[in-house]
Amino acid sequence: MKNIFLIGGILTILFNSLAGVVLSNYPSFNWILADVSIFITTGLIYALYFKYLDNAFKAVFTFLFLISGLIRYLLCLFAPSQLENNWFILMIAGLISMEVLIFVFGIVLRKK
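Just so it is clear, the structure is predicted and the values come from calculations on it, not from any experiment.

(A) Local environment of the overall build of the chain. Across its full length, the chain carries 4 helices and 0 strands. Put simply, the chain runs from its N terminus to its C terminus through helices and strands in the order α-α-α-α. Taken along its principal axes, the extent of the C-alpha atoms in the chain is 50 × 30 × 15 Å. Within the span of the chain, comprising 112 residues, buried residues form 34% of the whole. Residue pairs in contact within the chain that sit at least 24 positions apart in sequence constitute 65% of those at least 6 positions apart. When the accessible surface of the chain is split by element, carbon and sulfur atoms take 76% of a total near 7,300 Å². For the chain, the distance from the average site of its 7 positive side-chain charges to the average site of its 4 negative ones is 17 Å.

Take a look at the structure:
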């Protein structure tokens, strides 16, 4: 199961990169930001299946990470191409930190 998410993530990054190269109105900033977001989502889901969590944790976390990854991807598409005063990047960073925190809580709760 974990290989499916890894292959899917790699294909999604390749498709997004191809779209960034081919489409002239797709800014490089948004393209790279979206690639990083996809990479983080894929990495979290792949790491999730390496940990010995219950199947319920894996199912719920996979669904949660996919939904928040989709939200982050949409935020990456519409983010302004500047770093200063960019609320989109703050929302993306907040979602990433929330995902990592939930992932760590899942590992800690498994040990109890």
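(B) Spotlight on the side chain of S68. Tracing the backbone shows S68 in helix α3 (residues 55-78). A distance of 3.3 Å separates a polar side-chain atom of S68 from the backbone oxygen of F65. Not counting chain neighbours up to four residues away, the residues in contact with S68 comprise L95 and E99.

(C) Geometry of the packing of helix α2 (residues 28-50) against α3. In contact at an axis separation of 9 Å, α2 and α3 are set at 175 degrees when each is read in the N-to-C sense. One way to sum up the angle between α2 and α3 is to call them roughly antiparallel. Of the residues in α3, those in contact with N30, L33, A34, S37, I38, I40, T41, L44, I45, L48 and Y49 of α2 are K58, F61, T62, F65, L66, G69, R72, Y73, C76, L77 and F78. Looking at the contact of α2 with α3 residue by residue, the classes come out as 15 nonpolar, 5 polar and 2 charged.

Rules behind the numbers
Residues numbered from 1 in each chain as written. Predicted model: local features only at pLDDT ≥ 70, side-chain atom pairs only at ≥ 80, totals over all residues. Heavy atoms only, no water. Helix = DSSP H or I, 4+ residues; strand = E, 2+ residues; numbered from the N terminus. Buried < 20%, exposed > 50% of the residue type's maximum accessible area, 1.4 Å probe, protein only. Contact = heavy atoms within 4.5 Å. Areas by Shrake-Rupley, 256 points an atom, 1.4 Å probe, with all protein chains shown as cover. Lys, Arg positive; Asp, Glu negative; His and termini not counted. Charge placed at Lys NZ, Arg CZ, Asp CG, Glu CD. Polar contact = N/O pair within 3.5 Å; in protein donor to acceptor, adjacent residues only side chain to side chain. Axes fitted to C-alpha atoms, helices over the stretch in contact; angles between N-to-C directions. Parallel < 35°, antiparallel > 145°, perpendicular 65-115°, else oblique. Nonpolar A, V, L, I, M, F, W, Y, C, P; charged D, E, K, R; others polar.

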